[in-house]
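The lines below spell out each chain.
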Amino acid sequence: MTQQKCGMVAVIGAPNAGKSTLVNQLVGQKVAITSAKAQTTRARMLGIALHDDVQMILVDTPGIFAPKRRLDRAMVSAAWEGAESADAVLLLVDPIKQRRHELEPLLEALAGRPEKKILVLNKVDRAKKEPLLALAQELTAKVDFAEVFFVSALTGDGVPEMKAALAASMPEGVWMYPEDQVSDASERLLAAEITREQLYKQLHEELPYDSAVRPEQYKTRPDGSLEIHQQIVVARDNQRAIVLGKGGSRIKAIGEAARKELSEVLGVKVHLFLHVKVLENWSEDKEVFEEMGLDWVR
């Protein structure tokens, strides 16, 4: 019998580099929420990727950026914590919109770190080859990357090779999770994330980051279906009106889309109940944070 291997891989990058999409590709199913709006990953959603006898725990870190508010600080601290105990740190870069102001501090911080560092250039399906190679050279001159991969997180191009190489570099050790447990993000949190994703998808213009989804009740009914109650928290009355929509039409559409996706992801029938609450300073509220799976950072 071959020796089992198990390791932790931190996935970092500027906001919107495609981290969640890459994690989902590595895992082989939807774990991290993907959205066109930056900063959607708040909690440290973990995906678990299996490759032969290797288990890789992927820490999908929130985009690391200059934190202004307490919410941002909590997200950043979750990101670096994720990188601390890692066996490899994977830096994902979008070569098209490089977001230099966010990439440079990352490179500086990475340069001095002891972990094995891997550079992954994303969107190879859309980027031109010469600038791509030039960018790879420039970045490897700044940080001592052990390996460089060119992938498309969206199409999966180049991902299997990268996954195999990552797996090969993991240390020997027993698996931390049973084979069938692909994500340790508790289902309650995952359910809240899926609703939050819908909130962004449907209201990304009108509603900035002033909203959160709090898990309330989560119970299995006698017939095996799930009953989930969630609270959508906004900061102002006019935002409550936006979420509800005319005659409650918007919240109904959000709930319907989230319920459908939850049923697919969890494999059971889901009854989802949403209500909106105005909490003026929710982003300063310790309890709300902890329910979202974040550490409270002063």
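Residues numbered from 1 in each chain as written. Predicted model: local features only at pLDDT ≥ 70, side-chain atom pairs only at ≥ 80, totals over all residues. Heavy atoms only, no water.

Student: Residues and numbers for the overall build of the protein, please.
Tutor: Counting secondary structure elements, the protein contains 9 helices and 9 strands. By residue count, 53% of the 298 residues in the protein fall in the buried class. The contacts in the protein between residues at least 6 apart in sequence include a share of 71% that link residues at least 24 apart. With the model as given, the accessible surface of the protein reaches about 13600 Å², and the carbon-plus-sulfur share is 50%. (Helix = DSSP H or I, 4+ residues; strand = E, 2+ residues; numbered from the N terminus. Buried < 20%, exposed > 50% of the residue type's maximum accessible area, 1.4 Å probe, protein only. Contact = heavy atoms within 4.5 Å. Areas by Shrake-Rupley, 256 points an atom, 1.4 Å probe, with all protein chains shown as cover.)

Student: Can you tell me about the pairing of strand E4 (residues 88–93), naming the residues and giving the values?
Tutor: Among the 6 residues that make up E4, 6 are buried, leaving the element largely enclosed by the rest of the structure. Covered by surrounding structure in E4 are Ala88, Leu90 and Leu92 together with Val89, Leu91 and Val93, the residues of both alternating faces. Relative to E4, strand E1 (residues 5–13) runs parallel, the two sharing 5 bridges. Across the sheet, Gly13 pairs through a bridge with Leu92, a residue of E4. Remark: the E4/helix H3 (residues 100–111)/strand E5 (residues 116–121) crossover connection has right-handed handedness. (Pairing = 2+ DSSP bridges. Right-handed = clockwise from strand over helix to strand, strands pointing away.)

Student: Lay out the sheet that holds strand E8 (residues 226–234) in plain terms, naming residues and giving numbers.
Tutor: Spatial strand order, E7-E8-E9: 3 strands in an open sheet with mixed pairing. Both outer strands of the open sheet, strand E7 (212–220) and strand E9 (270–278), are each paired with one neighbouring strand and no more. Neighbour to neighbour, the strand axes of the sheet diverge by 20° on average, direction disregarded. Here E8 runs beside E9; their pairing, made up of 9 bridges, is parallel. Looking at E9, one finds that Ile232 is bridged to Val276. Taken strand by strand, helix H7 (residues 237–244) contacts E8 and E9, and its axis lies near 155° from that of E9. Those strands touched by helix H8 (residues 249–266) are E7, E8 and E9, and its axis lies near 140° from that of E9. (Axes fitted to C-alpha atoms, helices over the stretch in contact; angles between N-to-C directions.)

Student: Go over the pattern of salt bridges with me, naming the residues and quoting the values.
Tutor: Per the stated rule, a full pass over the model turns up 11 salt bridges. The shortest N-O distance in the salt bridge between Glu138 and Lys142 comes to 3.5 Å. Pair noted here: Glu138 and Lys142 are both in helix H4 (residues 129–142), with a separation of 4 residues, about one helical turn. For Glu138, a relative accessible area of 31% gives the class partly exposed. Accessibility expressed as a relative area gives 39% for Lys142, which makes it partly exposed. Salt-bridge contacts for Glu227 lead to Lys219; the nearest nitrogen and oxygen are separated by 3.7 Å. Under the relative-accessibility criterion, Glu227 is labelled buried at 11%. By relative accessible area, Lys219 is classed as partly exposed at 37%. Where salt bridges share partners, they join Arg100, Glu104, Glu138 and Lys142 into one cluster. (Salt bridge = Lys/Arg side-chain N within 4 Å of Asp/Glu carboxyl O.)

Student: Break down H8 for me, with residues and values.
Tutor: A turn of α-helix holds 3.6 residues, and therefore any two residues three or four places apart point the same way. The terminal C-alpha atoms of H8 lie 26 Å apart, and with 18 residues this matches the ideal 26 Å at 1.5 Å per residue to within 8%. Of the positions making up H8, those classed as buried are Ile251, Ile254, Gly255, Ala258, Glu261, Leu262, Ser263 and Leu266. Positive phi appears at Gly267, one or two residues downstream of H8, with a value of about 75°. (Expected span 1.5 Å × (residues − 1).)

Student: Can you tell me about the nonpolar core, naming the residues and giving the values?
Tutor: Ranked by size, the top nonpolar core spans 25 residues in total, and within it Leu22, Met56, Leu90, Val120 and Met162 carry the most contacts. Taken together, the elements giving at least two residues each to this core come down to E1, helix H1 (19–27), strand E3 (54–60), E4, E5 and helix H5 (159–168). Top element by residues in this core is H5. It accounts for 5 residues. Other than its neighbours up to four places away in sequence, Leu90 contacts Val9, Ala10, Val11, Ile12, Leu22, Ile118, Val120, Met162 and Leu166. (Core = buried A, V, L, I, M, F, W, Y, C linked by side-chain atoms within 4.5 Å.)

Student: Tell me about the environment of Glu227, and name the residues and values.
Tutor: For Glu227, the position within the fold is in strand E8. Taking the C-alpha atoms as reference points, Glu227 and Phe273, separated by 46 residues in sequence, lie 7.9 Å from one another. The contacts of Glu227, once residues within four sequence positions are left out, are Gln217, Tyr218, Lys219, Arg221, His271 and Phe273. Within the structure, the side chain of Glu227 is placed 2.9 Å from the side chain of Arg221, a separation counted as a polar contact. Separated by 2.7 Å, the side chains of Glu227 and His229 make a polar contact. (Polar contact = N/O pair within 3.5 Å; in protein donor to acceptor, adjacent residues only side chain to side chain.)

Function cannot be read off these values alone, since they describe shape.
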